[in-house]
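Coordinates in review
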Amino acid sequence: MIKKKIEDRDLQEHLAALSDDGREVFLLHDDQIRVTAISATKLINQMRANHDLGLLETYVLGQAFLAGGLLSATVKGNDRIQLNIECGGPIGGVFVESWAVGAVRGYLKHNPIPLKESLKSLDLNELYGPGFLSVSKILEGHKTPFTGQTMMAYGDLAKDLALHYHQSEQTPTMFVLSLHFDKRGQVTGSGALFLQAMPGCSEGILDELEELSSKLPSIGAWLAEGKTIRSYVEKQFEASQVRHLASQFMAFSCPCSREQYTRYLKQLNKEEQKDILENGPFPLELVCANCNTHYHYERFELEHLLSEAEGVTV
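Only a predicted model underlies this, so the values are computations on that prediction, with no experimental measurement involved. (Residues numbered from 1 in each chain as written. Predicted model: local features only at pLDDT ≥ 70, side-chain atom pairs only at ≥ 80, totals over all residues. Heavy atoms only, no water.)

Thoughts on the sheet that holds strand 5 (residues 103–108)
- Taken in spatial order, the six strands of this open sheet run 7-6-3-4-5-11, and their pairing is mixed. One side of each edge strand has no neighbouring strand; the edge strands of this open sheet are strand 7 (146–151) and strand 11 (251–252).
- With seven bridges joining them, strand 3 (residues 80–87) and strand 4 (residues 93–99) adopt antiparallel strand pairing. Following the sheet pairing, Glu 86 is matched in strand 4 by Gly 93. (Pairing = 2+ DSSP bridges. Helix = DSSP H or I, 4+ residues; strand = E, 2+ residues; numbered from the N terminus.)

Structural notes on unusual backbone geometry
- At the junction of Asn 111 and Pro 112, the peptide bond is cis and its omega measures out at 5 degrees in the coordinates.
- A cis amide bond links Phe 282 to the next residue, Pro 283, at an omega of -5 degrees.
- Its identity is not glycine, yet His 29 carries a phi of approximately 50 degrees, on the positive side.
- With respect to the helices and strands, His 29 occurs in the loop between strand 1 (22–28) and strand 2 (33–39).
- You can call His 29 buried: its relative accessible area is 10%.
- Within the chain, Asp 31 stands out as a residue other than glycine whose phi angle is a positive 65 degrees.
- Tracing the backbone through its elements, the reader meets Asp 31 in the loop between strand 1 and strand 2. (Buried < 20%, exposed > 50% of the residue type's maximum accessible area, 1.4 Å probe, protein only.)

Here's the deal with the sheet that holds strand 9 (residues 187–197)
- Strands sit in the order 8-9-2-1-10 across an open sheet of five strands; the sheet is antiparallel. One side of each edge strand has no neighbouring strand; the edge strands of this open sheet are strand 8 (173–181) and strand 10 (243–249). Neighbouring strand axes in the sheet, compared pairwise and without regard to direction, differ in orientation by 15 degrees on average.
- Relative to strand 9, strand 8 runs antiparallel, the two sharing nine bridges. Bridge pairing links Phe 181 to Val 187 in strand 9.
- Contacts from helix 3 (residues 55–71) reach strand 1, strand 2, strand 8 and strand 9, with the element oriented near 140 degrees to strand 8.
- Strands in contact with helix 8 (residues 229–236) are strand 1, strand 2, strand 9 and strand 10; relative to strand 1, the strand with the most contacts, it is inclined by about 20 degrees. (Axes fitted to C-alpha atoms, helices over the stretch in contact; angles between N-to-C directions. Contact = heavy atoms within 4.5 Å.)

Brief notes about helix 5 (residues 157–168)
- Given a rise of 1.5 Å per residue, 12 residues ought to cover 16 Å, and the 16 Å separating the end C-alpha atoms of helix 5 matches this to within 8%.
- Within helix 5, the full set of buried residues consists of Leu 157, Ala 158, Asp 160, Leu 161, Ala 162, Leu 163, His 164 and Tyr 165.
- Sitting at the amino-terminal end of helix 5 is Asp 156, which places a side-chain oxygen 3.1 Å from the backbone nitrogen of Ala 158.
- Two residues or fewer after helix 5 comes Gln 170, characterised by a positive phi angle close to 50 degrees. (Expected span 1.5 Å × (residues − 1). Polar contact = N/O pair within 3.5 Å; in protein donor to acceptor, adjacent residues only side chain to side chain.)

Some details on helix 2 (residues 41–51)
- Counted residue by residue, helix 2 has nine buried out of 11 residues, so it is predominantly covered.
- Listed as buried for helix 2 are Thr 41, Leu 43, Ile 44, Asn 45, Gln 46, Met 47, Arg 48, Asn 50 and His 51.
- A positive phi of about 55 degrees marks Asp 52, the residue just after helix 2.

Regarding the packing of aromatic side chains
- Evaluation of the coordinates by the stated rule reveals seven aromatic pairs.
- An aromatic cluster is built from Tyr 165, Phe 175 and Phe 194, whose rings are joined through pairwise contacts.
- In this arrangement the basic side chain of Lys 227 is found over the ring face of Trp 222, its NZ or CZ atom lying 4.1 Å from the centre.
- If you follow Arg 258 out to its NZ or CZ, it ends over the ring of Tyr 297, 4.2 Å from the centre. (Phe/Tyr/Trp six-rings, centres within 6.5 Å; stacked < 30°, edge-to-face > 60°. Lys NZ or Arg CZ within 6 Å of the ring centre and 35° of its normal.)

Focus on the pairing of strand 9
- In terms of residue burial, strand 9 counts as a mostly covered element, since 11 of its 11 residues are buried.
- By the bridge criterion, seven bridges tie strand 2 to strand 9 in an arrangement that is antiparallel. Its bridge partner lying in strand 9, Arg 34 is registered against Gln 196.
- Where strand 8 folds back on strand 9, the antiparallel hairpin that results is connected by five residues, among which Gly 185 adopts a positive phi of roughly 85 degrees.

Some points on a negative patch on the surface
- A surface patch of like charges, here negative, comprises Glu 117, Asp 123, Glu 126 and Asp 156.
- Note that Glu 126 resides in helix 4 (residues 125–128). (Patch = residues over 30% accessible without salt bridge, like charges linked within 9 Å, V, L, I, M, F, W, Y side chains within 5 Å. Areas by Shrake-Rupley, 256 points an atom, 1.4 Å probe, with all protein chains shown as cover. Salt bridge = Lys/Arg side-chain N within 4 Å of Asp/Glu carboxyl O. Lys, Arg positive; Asp, Glu negative; His and termini not counted. Charge placed at Lys NZ, Arg CZ, Asp CG, Glu CD.)

What about the pattern of salt bridges?
- As enumerated under the stated definition, the model contains 11 salt bridges in all.
- For the salt bridge of Arg 243 with Asp 31, the shortest nitrogen-to-oxygen distance reads 2.9 Å. Of the two residues, Arg 243 is situated in strand 10 and Asp 31 in the loop between strand 1 and strand 2; the sequence distance between them amounts to 212 residues.
- Put simply, Glu 303 and Arg 299 hold a salt bridge, and the shortest N to O gap is 2.9 Å. On the criterion of helical spacing, the pair formed by Glu 303 and Arg 299 is a turn pair, its members being four residues apart in helix 11 (residues 299–310).
- Accessibility expressed as a relative area gives 32% for Arg 299, which makes it partly exposed.

Have a look at this one:
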């Protein structure tokens, strides 16, 4: 992956002054509630730069990246989570993949999102339209992923994820996904919360937390002021016996590489390789959908690479 430069100087200075992005895990109310909290302002801005996103596209894909960062706390080691949305509205769909180690990548299926008229709000219900949300766990040592799928009922990713967990895992959950834009449309703060009821959790505590969560101040605005996500949780849930469990660094990251795409070219069949050498175009451009990194190959490079593979000649 090649990270594109964030060009805005004021934004560069703001991001440099913030703490590193990360994921924090806590327990509340005598360990009856698990809270995963993430700060991801730098991650979201790098995502925006790499994919060259407008404000709306940043909001939609940014929410999905935040969700992916939260969900990856449910796996360990080299395991990863895939969040996939397929929908009939202008958004078209979203794909995000996140690793337990803190890497997140993904893409919008329509960029830019085609609109017939200007938006009056960031209510995404009509932009998603009818659709399905699926969450897959890719576990090391298992040949097939564990996937659950639900129909989107709200067109609101936080609410639809909570519905997914209620239906597919019978687990009461709550999600808060927050991106704070300044007056220039720059993301100056971004973070999220994932609250899960642990086995034996009393209904009274869930009701109490749901009421509290509806009154929570903006996570993105809190982080934009240079505060940490850990201080946010400890402040907002200070009456809930907060116990900190773990920390994890997070970043927008993709394992793609030029070497990976070179192997792909070498593994093409002879007819495909011959067609590339005869018809180009040159330079040949291969693009990673997950991070929008462009890899270019000049004709002389391809002639050398493909002749090494199977002795292809034109």
